[in-house]
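Inside the fold
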Amino acid sequence: MEPNPHSWYYLIKPISPPQRPRPKSRKAICHLDQATQRNGTAAATTGDDEFAANKNSYREVCNLFDMSISTFHKHLENILDFFYMIAKEFIHFPLTENDKQRVASKFGKISNFPNVLGCIDGSYIYIRKPVHKIRSTYTNRHDLLSITLQGVCVSDKKFTDVFIGSPSKIHDARIFVISSISVRLPDICGQTYHLLGEAAYSMREYLLTPYRDFGNLSAKQRNYNLKHAQTRVKIENCFELLKQRFRQLFRLDFFTVLKMCKFIMACCVLHNICIELDDSFVESNEDDDEVLLDQDRERSPLNTATSDSDNRRNNALRRLGEMKRDTLANSFM
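Residues numbered from 1 in each chain as written. Predicted model: local features only at pLDDT ≥ 70, side-chain atom pairs only at ≥ 80, totals over all residues. Heavy atoms only, no water.

A count of helical and extended segments in the protein chain gives 11 helices and five strands. Residues counted as buried form 48% of the 333 residues belonging to the protein chain. In the form shown here, the protein chain has an accessible surface area of approximately 17500 Å², with 52% of it arising from carbon and sulfur atoms. (Helix = DSSP H or I, 4+ residues; strand = E, 2+ residues; numbered from the N terminus. Buried < 20%, exposed > 50% of the residue type's maximum accessible area, 1.4 Å probe, protein only. Areas by Shrake-Rupley, 256 points an atom, 1.4 Å probe, with all protein chains shown as cover.)

What follows is the structure in structure tokens.
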């Protein structure tokens, strides 16, 4: 399902060219309307929307909007660059204390999990083999080609951070380490706030993961895991909603990783704009009450060789996170 006309008018208005004076004759008006429909910003943007929201080819979209393939390709490049340019205006963390409290309050209404600034996870975006790349580099654990979209979302399923382009052969925890958000999170969260992530991530004071269930969890730990899962499922819902809106994300057929990344970024920006404008969407398979606690779906923790000093530092940071997790688990009972 594509965004409604109100959402597109919100986008098209600031980038549309100045209106030309309309001629008085009916014949001249007809010619002007046809030219605008073929070459105007609105027609190009709507054509790109049609391409993103459905599994249509370039040729099908061009036939639908009476546009040549070369013209559509040019417009697509320009519009992807535009969305990349404005991405920071629509995808950003809450930075003021009032904004952080507002986000944490909305998360707290889900399962009384306090001080949550977002949920983080990775999602596979299946692709064709990029040109001049080695196939095995992009092969994921399902033996399929994909890149990973790492996203952080808030309770209304808006993205506050995305990191795109890493081959899915790389572990989620490693992708988090190389992303810029891993450096900024300690300052954003401080000692009060935190993100919620699955057990594959390293435990930190600003990134809380569930207790691993080996059959010996206490009632407090099981209760913590339940509340954690009920809150963290928002990022799963967010990815599903994104892919339902933009069906091209089920499998991208672009040839270069750069264009894939720009297209995914554009879809994430549009996703946030639709939510800001309350663009309704009927979600077919989503169920907010469904909580996934199956340990088999979680990826194994990352094991990398590090120096002794790095190990000591990581152990200290992990211990701080475990202490915070234990304090929260005790407060829930």
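So much for the structure itself; the text now carries on.
Here we take up the sheet that holds strand β5 (residues 207-208). The five strands lie next to each other as β3-β2-β1-β4-β5, forming an open sheet whose pairing is mixed. Across the chains shown, the open sheet's two edge strands, defined by having one partner strand only, are β3 (159-167) and β5. As paired strands, strand β1 (residues 116-126) and strand β4 (residues 194-196) are joined by three bridges and run parallel to one another. When the bridges of β4 are listed, glycine 118 appears paired with leucine 195. (Pairing = 2+ DSSP bridges.)

What follows concerns helix α8 (residues 181-189). Taken together, the buried positions of α8 are occupied by Ile181, Ser182, Leu185, Ile188 and Cys189. For α8, the angular spread of the buried residues around the axis is 110°, confining them to a single face. Turned more than 90 degrees from where α8 packs its buried face, Val183 and Asp187 sit exposed. Directly beyond the C-terminal end of α8, a positive phi value near 65° is found at glycine 190. (Arc of directions from axis to C-beta.)

A word on the pairing of β3. With eight of nine residues buried, β3 is to be regarded as a mostly interior element. Summarising the sheet, strand β2 (residues 146-153) and β3 pair through seven bridges and their orientation is antiparallel. Considered in β3, the bridge of glutamine 150 is made with phenylalanine 163. Between β2 and β3, which pair antiparallel in sequence order, lie five residues; one of them, lysine 157, sits at a positive phi of approximately 70°.

The next subject is the confidence of the model for the protein chain. Chain-level pLDDT for the protein chain is 81 on average; 74% of the residues reach the 70-or-more range. A low-confidence stretch, residues 15-42 stays under pLDDT 50, and its non-local contacts, those more than four residues away or across chains, total 20 contacts. Note that pLDDT drops below 50 for residues 284-298; the model gives that stretch 27 contacts with residues more than four away or on any other chain. (pLDDT = per-residue confidence, 0-100. Contact = heavy atoms within 4.5 Å.)

Right, let's talk about the environment of asparagine 112 for a bit. Along the chain, asparagine 112 turns up in the loop between α6 (97-111) and β1. What asparagine 112 contacts, discounting residues up to four positions off in sequence, is Lys227 and Phe332.

With that out of the way, let us pick up the side chain of lysine 158. With respect to the helices and strands, lysine 158 occurs in the loop between β2 and β3. A distance of 3.3 Å separates polar atoms of two side chains, one belonging to lysine 158 and the other to glutamate 276. (Polar contact = N/O pair within 3.5 Å; in protein donor to acceptor, adjacent residues only side chain to side chain.)

The next subject is the state of the cysteines. Each disulfide is one covalent bond, formed between the sulfur atoms of two cysteines. Here the structure, examined in full by the defined rule, presents zero disulfides. Of all cysteine sulfurs in the structure, the one in cysteine 153 sits closest to cysteine 119, which takes part in no disulfide; the separation is 5.2 Å. (Disulfide = S-S within 2.5 Å.)

Look at helix α5 (residues 69-90) against helix α10 (residues 257-276): their axes get within 8 Å of each other, and the N-to-C directions meet at 60°. Accordingly, the angle class assigned to the pair α5 and α10 is oblique. Handedness of the crossing formed by α5 with α10: left-handed. Contacts between α5 and α10 pair His73, Leu76, Glu77, Leu80, Asp81, Phe83, Tyr84, Ile86, Ala87 and Phe90 from the former with Lys259, Lys262, Phe263, Met265, Ala266, Val269, Leu270, Asn272, Ile273 and Glu276 from the latter. (Axes fitted to C-alpha atoms, helices over the stretch in contact; angles between N-to-C directions. Parallel < 35°, antiparallel > 145°, perpendicular 65-115°, else oblique. Left-handed = near helix turned anticlockwise from the far one by under 90°.)

This paragraph deals with α10. For α10, spanning 20 residues, the distance from its first C-alpha to its last is 29 Å, which sits close to the expected 28 Å at 1.5 Å a residue. Across the 20 residues that make up α10, a large majority, 18, are buried. A positive phi of about 55° marks aspartate 278, the residue just after α10. (Expected span 1.5 Å × (residues − 1).)

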